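Analysis of the macromolecular model
Here are the chains, one letter per residue:
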Amino acid sequence: MVSAKTAKAAEQVKHDQTSATEDVAANGSGNGHAANGSAKADGDEAAVSRNGHAASGRRRRATAESMAASQRDISVSEFFAKNRHLLGFDNPRKALLTTIKEAVDNSLDAAEEAGILPEVWVHIETTAPNRFKVGVQDNGPGILKDQIPNIFGKLLYGSKFHRLRMSRGQQGIGISAAGMYGVLTTGKPVKIISKVSPRKPAHYYEIQIDTKKNKPEILNGRGEGVDIPPGEAGRRVIEKHGIEWIEQDHGTRVTIELEARYTRGRGSVDEYLEQTAIANPHVTLHYIDPDGNETLYERSATTLPPEPKEIKPHPYGVELGRLMTMLKDTKTTTLSQFLTSSFSRVSPAVARKICETAKLSVRASTTKIGRHEADSLYQAIQQTKIGAPATDCLAPIGEELLLKGLHKVVPGEFYVAATRPPSVYRGNPFVVEAALAYGGTSTAQKVSLEALTELLAESDARSLRQFLISTFNGVGPDAADKILKEAALGPRVTPARLKTAEIAKLHTAMRSVSLDEGQTMNVLRFANRVPLQFQPGACAITQTVVGTNWRAYGLSQSRGSLPSGPVTIMVHVASVWVPFTSESKEAVASYPEIQKELRLALQAVGRKLNMYLRRRLRVKQEGERRSLFLRYLNEVATAVSELNSADRTEVFDKLMEVAKRKTAEADVKLDDRGRKITLDDEEDFGSNVLIIEQPERPLPIETTA
């Protein structure tokens, strides 16, 4: 029952609304809105439910003033703190790898730029469950005191973004983002010690990022950091404060404590460092894992790669908006001077041709070039033939070092490498390199029983089949099924629940089962000498490898998948600006120009592999023919000697000579460059091949009576 007071209130609301409508008609929309707002407010106060309780009215809408009051700047640090998955910190396992990768990349860049053969120390220490302390030190030139806080405590700060030359880092965001992640997950600051000379003091900082302002906060030394004197006095200070430092004349060490997860196998820190040693044979790496195991990757080359030179942007790679900005910022006075001084490969003659095509004077003032003239200039640049940019801004690994690096880490019997001529995408020069290793044993066959037990305990795989496929390179579904069948274990068994006897059976099966046929090609991806370990399906490298017809080169391959066989393929893309698909730098974008060069490089190594496999097959077939001959030589020699009363031994020797002559291919041996040792005039594989002689197998039968 609605009370009289409620009915009266409802009648008053209706009257107010009618009055508001009349006001709108009489006085215009402005007063009408006000009257309507007043009526709405009165109606909200008067609305009640059937049981007499107050009911909420419609939500009050925001005004332009209230919306303006809530607007504020968003710091880049604050943005990436909320979207850290964009930088590779989307799970604890990747966070550990990304942190080490960014620190190692910076160390290698700094040492190479200073002309120093790099030596890097990587140490991972467990401090608590799912919490690790990562220390990375180098022998680089060190960092000046004033630069340390900004480099490690400010996102998008660096010297590599605006220059066009090959380098591992590009954005000035990696190591500072790793430090930010460490502070977010553990609350511990980033610790940095850097030394530029044995005669000058070292500088020690404890830093965290103010994410709202994207500025470093220095926590030690009353906001100024601490200077450590050289010599014995400095060593005492380091020991007193517990500062981690391996004594060097110069270098930098960064220590970050973070929430993470350490695992072995694919996508692990161990694999990243191993692949770094392949692509950087001039680097020495010292590595201590959380279990205290020490690994040393010694350099196999004692010379630094050629230093890349900085180049100017190529006209084909500049878009209209960028061109207008350059015209606005230039200090040159004429259009011809602007074109020749701002771009590479633009001579005065080319500048004149561009201006003529755009119907602009070469003496036109750059300050008077409007949007219409800039558009004409941009179109003229696209229509003018301009030489490709210089390639001395790149430092590819080279075929010889590719062979050395791959042979050092990947076991095999045949190695081939190919470096493509430089090419261009969007005006940016780039080089594609490919190397291939065939043969050898899978990582699944080299693992020890202790390591396998540890891997099973650490794995988060739901099934044993998934564990084998995701942990060991080259082990595909077919190979995993063969191992499990040999070990008499179910594919859905949880890895962590295996008993000691079952682990031993699995280990025996992994070592005894032949994986040559069921093994999947292992693809190693690199960009500017940095391993890419995640998002393989989104990467142009993987897509091009899958799209290549490997059946034409002697490998079995199902449609839309990687080929099968004991093959490791390494692909390296070197560019002044690698087009990554995201800020985490995990996959290369699929530009048509890049995919074309990738395909040609893969075809180059594929042809050499096909030559080797065909020759290897001929040797095998001739060996089988000889075995068949030898199987009956004794009986034939005995029968002939009985029929002709000839000397049986002499008959046997002559038959042996005939068998060897008819199956001479079985005796062919190749040197490390693929040339036949017994014949000098045979075609060889070229200068970019390495062949490892395999041990000879004994003949299957006796050759004497």
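For the structure itself, look to the data block above.
Throughout what follows, the structure given in this document is the object of discussion. Within each chain, residue numbers correspond to sequence positions counted from 1 in written order. Predicted model: local features are reported for residues with pLDDT of at least 70 only, side-chain atom pairs are reported and counted for 80 or more only, and whole-chain, interface and lining totals are derived from all residues. Side-chain metrics in this entry use all non-hydrogen atoms of the structure; hydrogen atoms and water are not considered.

**A short note on unusual backbone geometry**
Of note in the backbone geometry, Ala488 takes a positive phi value of approximately 60° without being a glycine. Labels follow the DSSP assignment, with helices taken as runs of H or I lasting at least four residues and strands as runs of E lasting at least two, numbered in each case from the N terminus. Following the sequence through the fold, Ala488 ends up in the loop between helix 18 (477–487) and helix 19 (500–512). Phi is positive for Arg529, close to 70°, though the residue is something other than glycine. Along the polypeptide, Arg529 turns up in the loop between strand 13 (522–527) and strand 14 (530–532). Burial classes: relative accessible area under 20% of the type maximum marks a residue as buried, over 50% as exposed, and values in between as partly exposed (1.4 Å probe, protein chains only). Using a relative accessible area of 3% as the deciding quantity, one classes Arg529 as buried.

**Let's talk about the packing of aromatic side chains**
Each Phe, Tyr or Trp ring, with Trp reduced to its six-membered ring, pairs with another whose centre is within 6.5 Å; inter-plane angles below 30 degrees give stacked pairs, above 60 give edge-to-face pairs, and intermediate values give tilted ones. Summed over the entire model, instances satisfying the criterion amount to 7 aromatic pairs. Seen from their ring centres, Tyr425 and Tyr591 are 5.0 Å apart, and the 50° between their planes marks the pair as tilted. With Tyr425 in strand 11 (residues 423–425) and Tyr591 in the loop between strand 15 (567–575) and helix 21 (592–644), this pair connects stretches of sequence that are 166 residues apart. Classification of Tyr425 as buried rests on a relative accessible area of 1%. When the ring of Tyr438 is compared with that of Tyr612, the centres are 6.4 Å apart and the planes differ by 65°; the resulting orientation is edge-to-face.

**Describing the nonpolar core**
Of all hydrophobic cores here, the largest spans 46 residues; its most connected members are Ile100 and Val254. For this core, the leading source of residues is helix 5 (residues 92–113), giving 7 residues. Filtering out sequence-adjacent residues up to four positions away, Val254 remains in contact with Ala103, Val134, Gly135, Val136, Phe152, Ile175, Val190, Lys191 and Ile192. Core analysis: the next-biggest nonpolar cluster, separate from the first, contains 37 residues, Val416, Leu436, Leu532 and Phe580 among them. To define a nonpolar core, start from buried Ala, Val, Leu, Ile, Met, Phe, Trp, Tyr and Cys residues and group those joined through side-chain atoms within 4.5 Å. The contact definition used throughout considers only heavy atoms, calling two residues in contact when any of these lie within 4.5 Å.

**A word on the pairing of strand 9 (residues 294–297)**
Following DSSP output, two strands are said to pair if at least two bridges run between them. Sheet topology note: the strand 8 (residues 284–288)/strand 9 ladder contains 4 bridges and is antiparallel. Residue Tyr287 lies in a different strand from strand 9, and its bridge partner there is Thr295. Linking strand 8 back to strand 9 in an antiparallel pair, the connection comprises 5 residues, with Gly292 at a positive phi of about 85°.

**Section: the packing of helix 5 against helix 7 (residues 174–186)**
The N-to-C vectors of helix 5 and helix 7 enclose an angle of 140°; their axes lie 8 Å apart at closest approach. One finds that helix 5 runs oblique with respect to helix 7. Crossing hand, helix 5 versus helix 7: left-handed. Residues Pro92, Ala95, Thr99, Glu102, Ala103 and Asn106 of helix 5 touch helix 7, and the partners they reach there are Gly174, Ile175, Ala178 and Tyr181. Each residue gets one of three labels, nonpolar for Ala, Val, Leu, Ile, Met, Phe, Trp, Tyr, Cys and Pro, charged for Asp, Glu, Lys and Arg, and polar for the others, Gly among them. Its residues assigned to classes, the contact of helix 5 with helix 7 shows 6 nonpolar, 3 polar and 1 charged. Axis definition: a line fitted to C-alpha atoms, limited for helices to the stretch in contact. Angles are taken between N-to-C directions and run from 0 to 180 degrees. Angles are sorted into four bins: roughly parallel if under 35 degrees, roughly antiparallel if over 145, roughly perpendicular if 65 to 115, and oblique for all others. Handedness of each helix crossing follows the sense of rotation of the near helix against the far helix: counterclockwise by less than a right angle gives left-handed, clockwise gives right-handed.

**Overview of the environment of Thr453**
Counting through the fold element by element, Thr453 comes out in helix 16 (residues 449–458). We classify Thr453 as partly exposed; its relative accessible area is 36%. In this structure, the C-alpha to C-alpha distance between Thr453 and Leu498, residues 45 residues apart in sequence, is 9.1 Å.

**Quick look at the packing of helix 17 (residues 464–471) against helix 18**
To describe two helices that pack against each other, one gives the angle between their axes and the distance between the axes. Two elements in contact, helix 17 and helix 18, have axes separated by 9 Å at closest approach and are oriented at 130°. Comparing the axis directions of helix 17 and helix 18 gives the class oblique. For the crossing formed where helix 17 meets helix 18, the hand is right-handed. Contact residues: helix 17 offers Leu464, Arg465, Leu468 and Ile469, while helix 18 offers Pro477, Ala480, Asp481, Ile483 and Leu484. Taken together, the residues of the contact of helix 17 with helix 18 break down into 7 nonpolar, no polar and 2 charged.

By themselves, these figures tell us nothing about what the structure is for.
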